[in-house]
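Examining the three-dimensional arrangement
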Amino acid sequence: MNTEKTTPVTAIVLGASGRGKLYGDYSLEHPEDLQITGIAELVELRRNIYGDKYHVPEENRVATWEEMLSRPKFADTVIIATPDHLHYAPCMKALDLGYDILLEKPIAQTDEECRRLVAYAKEKGKIVGLTHVLRYSPYFGMLKEMVSSKAIGDLVSIQHFEPIEHVHMSHSYVRGSWRNAEASTPLVLAKSSHDLDILHWIIGKPCKKVVAFGDLAHFKAENAPEGAPARCTDGCPAEATCPFSALKIYYRDRTWLYVFDLPEDPDKQGDVILENLKTGPYGKCVYHCENNQPDHYMMLMEFEGGVTVNFSIEAFTSYGGRRTRIMGTRGDIVGDMEEFTHTDFATGVSKTYNANAEDALNYEGVGHGGGDAGMIRDWIEAIRRQDASLMSTPLDESLESHLIAFAAERSRKEGKVISL
């Protein structure tokens, strides 16, 4: 047993919302590995709750990333968990200051910025990990092993499907932070850079061509019920039967509440939720939002060596979780992110593997199909040893998925096949 004592990696966190809280929770569960020493968060209540919970010194709690990174370097790393449009600038500044970095996807909002940031990280010789955590999930880790070991012979084709789930679509990509592609990033990158990364990882070769189709079919003004007001709280005549009612989703069902800063007492939460719905973006009618993200999206890709991929993103499903079909010359695989079945053509034998059972013990983790904890552990070890090869998600490796996504958007808008 290794009894060598190590000191925790110290980290400044930019952004105290969902992903920022994940790293804070990890520091509480594994204080020997990670210590949060600074927080930059614009919302004062959120900043103070975060600082108190994760024991951040008072002097290191600030409102903006600019204020935090105007100081000399005082930690090992910076964790960037800010909105999409605030990834590139703070990451470049953190590199200037000599920090190693954990960067939430996407890398940046344009392919030019992505390339520039990757090149600058190499120039500075710093470790930058991107949170493509599905590489650490049991399901995809096992699929990668099956394909790499030639269990299905030579890989020929993949069909991959990401059902967003209709309420998730309305929450994140109609009302939420990713509702506008120009203000954040296109749907295919904001939602599915994980999927494009996984496809590239499993195939193990670069994408050569892509063509994409899709549009915004439903969430627009002409589809609003007759008499629907701007907000669900304004007496909408269709509210009781609308599947996207904000009153139903947030107030009556009390789901998707992570976006609200709520009091701990459940009896006091209802009034706060209602006030948010009356004034904030999550109370808006889904047909009267400033949204432009497609609600259905399909891509065809050709990878080096002739491997073809059909990938689709769909809003109008009653379920989430990815679906995968992998076809090879000697077998195929059919899976749903919980389990998959491998069939051998020669023997006719089929075997089902459960990604949450003992088959997956080597992929211990939480979140994103079991990926987050594994990703954080490898990133911390890479920082300690100053060896980026210890991560499955180094920045330059993650660039490929972004370039595919930007090419897909060009194809969708210009109506042509794009060569990468």
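Residues numbered from 1 in each chain as written. Predicted model: local features only at pLDDT ≥ 70, side-chain atom pairs only at ≥ 80, totals over all residues. Heavy atoms only, no water.

As a further point, take the overall build of the protein. In terms of regular secondary structure, the protein is built from 13 helices and 15 strands. Relative to its length of 420 residues, the protein is compact, with a C-alpha radius of gyration of 22 Å against a globular reference of 22 Å. For the protein, the residues scored as buried account for 52% of the 420 residues in total. Long-range pairs, those at least 24 residues apart, make up 71% of the contacts in the protein between residues at least 6 apart in sequence. In the structure as shown, the protein presents an accessible area of about 18600 Å², 50% of it carried by carbon and sulfur atoms. Each charge class in the protein can be summarised by its mean position, and for the 45 positive and 62 negative side chains these summaries are 3 Å apart. (Helix = DSSP H or I, 4+ residues; strand = E, 2+ residues; numbered from the N terminus. Rg over C-alpha atoms; globule rule 2.2 N^0.38 Å. Buried < 20%, exposed > 50% of the residue type's maximum accessible area, 1.4 Å probe, protein only. Contact = heavy atoms within 4.5 Å. Areas by Shrake-Rupley, 256 points an atom, 1.4 Å probe, with all protein chains shown as cover. Lys, Arg positive; Asp, Glu negative; His and termini not counted. Charge placed at Lys NZ, Arg CZ, Asp CG, Glu CD.)

Bringing the pairing of strand β13 (residues 339-344) into the picture now. Judged from the five bridges that link them, strand β12 (residues 331-335) and β13 form a sheet pairing that is antiparallel. Paired with I333 across the two strands is H342, which belongs to β13. Between the end of β12 and the start of β13, which pair antiparallel, lie three residues, with M337 showing a positive phi angle near 80 degrees. Judged from the five bridges that link them, β13 and strand β14 (residues 350-354) form a sheet pairing that is antiparallel. Bridge pairing in β14 places H342 opposite K351. (Pairing = 2+ DSSP bridges.)

Glancing now at a nonpolar patch on the surface. Residues L42, V43, L45 and I49 make up a contiguous nonpolar surface patch of about 370 Å² in total accessible area. Structurally, V43 is set in the loop between β2 (34-40) and α2 (44-53). (Patch = residues over 30% accessible without salt bridge, like charges linked within 9 Å, V, L, I, M, F, W, Y side chains within 5 Å. Salt bridge = Lys/Arg side-chain N within 4 Å of Asp/Glu carboxyl O.)

Next up on the list: the layout of surface pockets. Here the second largest pocket defines a volume of roughly 270 Å³. Lining the second largest pocket are 13 residues, with K21, R46, I49, D261 and L262 positioned closest to its centre. Of the residues contributing to the lining of the second largest pocket, the split by class is eight nonpolar, no polar and five charged. (1 Å grid on protein atoms, 1.4 Å probe; cavity = no way out; pocket = protein on both sides within 12 Å on 5 of 7 lines; lining within 4 Å. Points joined across faces, edges and corners; volume = space filled by probe spheres on them. Nonpolar A, V, L, I, M, F, W, Y, C, P; charged D, E, K, R; others polar.)

Residue-level pLDDT values for the protein average 93, and 95% of them are 70 or greater. Below a pLDDT of 50 lies the segment residues 358-370, which in the model reaches 36 contacts outside its immediate sequence neighbourhood of four places, other chains included. (pLDDT = per-residue confidence, 0-100.)

Quick look at the sheet that holds strand β7 (residues 155-163) now. Strand order in the open sheet made by the nine strands is β14-β13-β12-β11-β7-β10-β9-β8-β15, with mixed pairing throughout. Looking at the sheet topology across the chains shown, the edges are occupied by β14 and β15 (418-419). Pairing of strand β8 (residues 207-215) with β15 involves two bridges; the strand directions are antiparallel. Each bridged residue has a counterpart across the sheet, and for V210 the counterpart in β15 is I418. Across the face of the sheet, helix α6 (residues 138-148) comes into contact with β7, β11 (323-328), β12, β13 and β14 while running at roughly 15 degrees to β13. Across the sheet, helix α9 (residues 193-203) touches β7, β9 (296-303) and β10 (308-314), and the angle it forms with β7 is around 160 degrees. (Axes fitted to C-alpha atoms, helices over the stretch in contact; angles between N-to-C directions.)

The next subject is empty space enclosed by the protein. Inspection of the entire model under this criterion finds one cavity of 30 Å³ or more. Computed from the structure, the largest cavity encloses a volume of approximately 80 Å³. When the residues that make up the lining of the largest cavity are grouped by side-chain class, the tally is ten nonpolar, no polar and two charged.

This part is about the packing of α6 against α9. For the pair α6 and α9, the least separation of the axes is 9 Å and the interaxial angle reads 30 degrees. Our classification of the angle between α6 and α9 gives roughly parallel. Contact residues: α6 offers F140, G141, L143, K144 and V147, while α9 offers I198, W201 and I202. Among the residues making up the contact of α6 with α9, the classes are represented as six nonpolar, one polar and one charged. (Parallel < 35°, antiparallel > 145°, perpendicular 65-115°, else oblique.)

The next thing to look at is helix α13 (residues 395-414). Counted at 1.5 Å a residue, the expected span for α13 with its 20 residues is 28 Å, and the 29 Å between its end C-alpha atoms agrees. In terms of residue burial, α13 counts as a mostly covered element, since 15 of its 20 residues are buried. (Expected span 1.5 Å × (residues − 1).)

On to the pattern of salt bridges. Tallied over the entire structure, the rule returns 24 salt bridges. Note that E397 and R135 form a salt bridge whose closest N and O atoms lie 3.2 Å from each other. Taken together, the residues span a long stretch of sequence, with E397 in helix α13 and R135 in the loop between β6 (128-130) and α6 at a distance of 262 residues. For E290, the salt bridge goes to K284, with nearest N and O atoms at 3.0 Å.

With an omega of 0 degrees, the peptide bond between K105 and P106 qualifies as cis. Here P106 is to be found in the loop between β5 (100-103) and α5 (111-124).

Moving on, we come to α9. Residues that lie three or four places apart on an α-helix share one face, since the helix turns once every 3.6 residues. By the criterion of burial, α9 is predominantly enclosed, with eleven of the eleven residues buried. Positive phi appears at G204, one or two residues downstream of α9, with a value of about 75 degrees.

Take the environment of W256 next. Take W256: it is sitting in the loop between α10 (246-252) and α11 (269-279). Distance in space between the C-alpha atoms of W256 and H171 is 7.7 Å, their sequence separation being 85 residues. Those residues in contact with W256 that sit more than four places away from it in its chain are V167, H168, H171, I249 and Y250.

Position of H171 relative to the elements: it lies in helix α7 (residues 166-175). In this structure H171 comes out as buried when scored by relative accessible area, which is 1%. Not counting the four nearest positions on each side in its chain, H171 is found in contact with G176, Y250, W256, Y258, V259 and Y282.

Another point: the sheet that holds strand β1 (residues 9-14). Spatial strand order, β3-β2-β1-β4-β5-β6: six strands in an open sheet with parallel pairing. The two strands at the open ends of the sheet, each matched to only one other strand, are β3 (61-62) and β6. The pairing of β1 with strand β4 (residues 77-80) spans four bridges and is parallel. Its bridge partner lying in β4, V13 is registered against I79.

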